[in-house]
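Spelled out from the first residue to the last, the chains are:
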Amino acid sequence: MGSKKKVHTFVRVKPTDDFAHEMIKYGNDSKSIDIHLKKDTRKGVVNNQQTDWSFKLDGVLHNASQDLVYETVAKDVVSQALDGYNGTIMCYGQTGAGKTYTMTGATENYRHRGILPRALQQVFRMIEERPTHAITVRISYLEIYNESLFDLLATLPYVGTSVTPMTIVENTQGIFIKGLSVHLTSQEEDAFSLLFEGETNRIIAAHTLNKNSSRSHCIFTIYLEAHSRTLSEEKYITSKINLVDLAGSERLGKSGSEGLVLKEATYINKSLSFLEQAIIALGDQKRDHIPFRQCKLTHALKDSLGGNCNMVLVTNIYGEAAQLEETLSSLRFASRMKLVTTEPAVNEKYDAERMVKNLEKELALLKQELAVHNSLCSRPVVTYDPMDEVQIAEINSQVRRYLEGTLEEIDIISLRQIQEVFNQFRVILSQQEQEVESTLRRKYTLIDKNDFATISAIHKAGIVDADGHLVGESDGQSFAFGIIPFSTKPGKKAKAKKIFKELSSSLKKEGGSSPLSLKDLDTVSTSKTQLVLPVKEVDVKDSASRERETSNIEPQVSSSPKEEPRPPRPSTPPPRSLAFEDFKNERGSEINRIFKENKAILNERKKRASETTQRINAVKREIDVTKEALNFQKSLREKQGEYENKGLMIIDEEEFLLILKLKDLKKQYRSKYQDLRDLRAEIQYCQRLVDQCRQRLLMEFDIWYNESFVIPEDMQAVMSLGSSIRPGMVPVNRVVSLGEDDQDKFSQLQQTVLPEAPDSIPFINAKVKTEQKQNYLKTMMGLQQAHRK
Ligand code: ADP
Ligand code: MG
């Protein structure tokens, strides 16, 4: 397997009473044949021309029986085909030299049957000898005549000319002929019936089509597919044996034919010379391109010539002197063929169905193995199957409890379970994010502190208690009501901040803004002070307000259209800065007031923070001083040797007081420091709140300004677009531009393809023209359809 092999070439000489002993001589090894041409044998042969040739082959079959021929030529090829190697046996030679006799034989006489029936016999005999394998046999019989393909096994061959022409198709599996019937045969007899039917068809066809059967090539193919009968074997092998009876190789000049016959002869010579070209290319190690597609014969035999095949050539020759010239040319062909090396290889394929079955078996076994393993290390019963809904729901509840803190740990049971735990984490997270978003969107209505009617209504509904605490507020998870607490306890403050953070981060992810929740926080941290924005609904999608961060409070140019009744427009819009002042006093007065209030709170907090910082620094200085004094006392005491007395530590009063003072100072320091930290956090929140109020103010101003004074440009554009476009209409310039596109494509092709293959110009021309035609047709059809609509 895989080793290089030469094409086996044999010569078979047709028996004759008139054998040219003087001209044809066999070597003693029965492997060589010498030809001697008498100089005056035919006219035109000049003296200085070569007269002697010696051909070395793999065997010369002289007076050989059909039996011997089969043994020598075909037996190994056929037997190797059953092991997965493709095989090709070809008979070449001039008409009447015995190609058909060798290949098919005399069908009326069993002893004289040829390679074909014998090969079928061997195949079926070998199948019987291999009960371990299920081997299928399929047969096809193709005739190539005048570059046309004929199926010699079609049920009704040559009925008229309307039969769909067969085509040669190439894919990854190799070559096959589309439209050629391939017949499954389970026994020898069926195979023979097919063979005879084919032979009959060949004769009938020759008759009805008035064609010379010696001028056609016939390819009889046996396809084998061997599956092991043991289920575990996933691989199976395929192979095919091509038995080729070539057309007569005689030269055109000699036949002297004209008209139809001439045409035939030309074809035959052509396809045979293409075969020869392909073979020369195959024999040349330096050539990597083999011209297989020049004619139907070589194309159909592409994967059966050279390559991974066992290949045999039988050259049939006459033994008579009169045919010596043709004999010589046939022998030359044979010696060229001998140079071709092939690399026979087994065609292995994989049985997908069997692979799946085997994998299933393997899986079941591994599961059993796992069960055994679990019981050995006494693990609780674990199933490794995909989880069902109940199991997934259980994991979901575990994860929820874990997140709430009611479940300490989630025990690891299996890989699948861990994966599901992570999955449920993700599910819960995204659910929470959605909940938060929709809650804010739907329910987060803030109430003005002066709106006593609403507040009392809410009190009645029991959502907030008399002090303004949210009912169920301690449950940090539920954030359904956006009522601003009127006062807060310090513990809740931290929690509220935490929740707020989560909320705002999840909102940010969704691209929303959260000015109101920030505001809420602010109220939380400023205890009795309430800040309320007069906004009825939080628009989470409002990214405009989020994008525009400004440090100063100057209006910017923007255009955000809104669907509201517009006041009458003045002819020239006032300057934005002026308009902004108006806006702040009128329509934007409420938000401006809130903005100012928030800013005041921020400033107040900043002031307090700076005071606290000063205070901390003072305490720190005092601590340092006290520490120094204490150290001084200690060193004094050590010097006086009063340190130890009867194992007791004695501290004098001054030192004791210093220690007390230091302790108190440290306490103060800590508490002030804590205050400062809280203040800083509040400042941060207030700052964001102020920023957001500012943005809101600017945004509302922008909207108001644009509504009141500006007509957006894109609206103008829309309005100016006339009614010239109607549905279903193809703009004229589209139709014209199709051709231009194609022209571009063509010049691109020219640039890329032409330098390499100048021969391709007609091809590309034709291709582009076809595409143009198709495009034009498509456009026309589109127009028609549009009209019909
Ligand atoms: P080809 O197919 O090459 O044109 P055929 O196989 O048809 O030639 O042979 C022509 C004739 O010669 C046939 O009648 C055939 O039976 C006969 N013939 C050819 N070779 C032999 C052979 N080796 N022994 C006996 N008869 C043969
Ligand atoms: Mg023949």
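Just above sits the structure.
Residues numbered from 1 in each chain as written. Chains lettered and ligands numbered in written order. Predicted model: local features only at pLDDT ≥ 70, side-chain atom pairs only at ≥ 80, totals over all residues. Heavy atoms only, no water.

J.: Please clarify how the packing of aromatic side chains should be interpreted in this entry.
T.: Each pair of aromatic rings is reported with the distance of its centres and the angle of its planes. In this structure the tally under the stated criterion is 11 aromatic pairs. For the ring pair Tyr-141 and Phe-220, a centre distance of 5.0 Å and an interplane angle of 90° mean the geometry is edge-to-face. Of the two residues, Tyr-141 is situated in strand E8 (residues 133–145) and Phe-220 in strand E13 (residues 217–228); the sequence distance between them amounts to 79 residues. We note that Tyr-141, like Phe-220, is buried. Here Phe-701 and Trp-704 contribute two aromatic rings whose centre-to-centre distance is 5.9 Å and whose plane-to-plane angle is 40°, an arrangement assigned as tilted. (Phe/Tyr/Trp six-rings, centres within 6.5 Å; stacked < 30°, edge-to-face > 60°. Helix = DSSP H or I, 4+ residues; strand = E, 2+ residues; numbered from the N terminus. Buried < 20%, exposed > 50% of the residue type's maximum accessible area, 1.4 Å probe, protein only.)

J.: Is there a simple way to explain unusual backbone geometry in this structure?
T.: A negative phi angle characterises most non-glycine residues, just as the trans form characterises most peptide bonds. The backbone of Asn-63 sits at a positive phi, close to 55°, despite the residue not being glycine. The residue Asn-63 is located in the loop between strand E6 (59–62) and helix H1 (66–73) in this model. By relative accessible area, which is 56% here, Asn-63 ends up exposed.

J.: Please explain a positive patch on the surface as it appears in this structure.
T.: A grouping of Lys-627, Lys-663, Lys-666, Lys-667 and Arg-670 is seen on the molecular surface, where their side chains present a positively charged patch. It is helix H19 (residues 653–709) that provides the largest number of residues to the positive patch, a total of four residues. Structurally, the position occupied by Lys-666 is in helix H19. What makes Lys-666 partly exposed here is its relative accessible area of 36%. (Patch = residues over 30% accessible without salt bridge, like charges linked within 9 Å, V, L, I, M, F, W, Y side chains within 5 Å. Areas by Shrake-Rupley, 256 points an atom, 1.4 Å probe, with all protein chains shown as cover. Salt bridge = Lys/Arg side-chain N within 4 Å of Asp/Glu carboxyl O. Lys, Arg positive; Asp, Glu negative; His and termini not counted. Charge placed at Lys NZ, Arg CZ, Asp CG, Glu CD.)

J.: Explanation requested: the site of ligand 1 in the structure shown.
T.: All residues in the neighbourhood of ligand 1 are listed as Arg-12, Lys-14, Pro-15, Gln-94, Thr-95, Gly-96, Ala-97, Gly-98, Lys-99, Thr-100 and Tyr-101. In the environment of ligand 1, an oxygen atom lies 3.1 Å from a nitrogen or oxygen atom belonging to the side chain of Lys-14. Taking Ala-97, its main chain carries an N or O atom lying 3.4 Å from an oxygen atom of ligand 1. Alone, ligand 1 offers 550 Å² of accessible surface; in the complex the protein occludes 65% of this. The element contributing the most residues to the shell around ligand 1 is helix H3 (residues 99–103), with three residues. When its residues are assigned to classes, the shell around ligand 1 shows three nonpolar, five polar and three charged. (Near = heavy atom within 4 Å. Polar contact = N/O pair within 3.5 Å; in protein donor to acceptor, adjacent residues only side chain to side chain. Nonpolar A, V, L, I, M, F, W, Y, C, P; charged D, E, K, R; others polar.)

J.: Looking at this structure, I do not really get the pairing of strand E4 (residues 32–36). What am I missing?
T.: Walk down a regular strand and you will see the side chains alternate between the two sheet faces. Taken together, the three bridges between strand E3 (residues 24–26) and E4 define a ladder with antiparallel strand orientation. Considered in E4, the bridge of Ile-24 is made with Ile-35. Two successive antiparallel strands, E3 and E4, enclose a turn made up of five residues, where Ser-30 displays a positive phi of approximately 60°. (Pairing = 2+ DSSP bridges.)

J.: Would you mind showing me how to read the sheet that holds E3 here?
T.: Strand order in this open sheet of three strands is E3-E4-E5, and the pairing throughout is antiparallel. Looking at strand neighbours, the two that pair on one side only are E3 and strand E5 (52–56), the edges of this open sheet. Strand-to-strand twist across the sheet, computed as the mean angle between neighbouring axes with direction ignored, equals 20°. Here five bridges tie E4 to E5, and the two strands are oriented antiparallel to one another. (Axes fitted to C-alpha atoms, helices over the stretch in contact; angles between N-to-C directions.)

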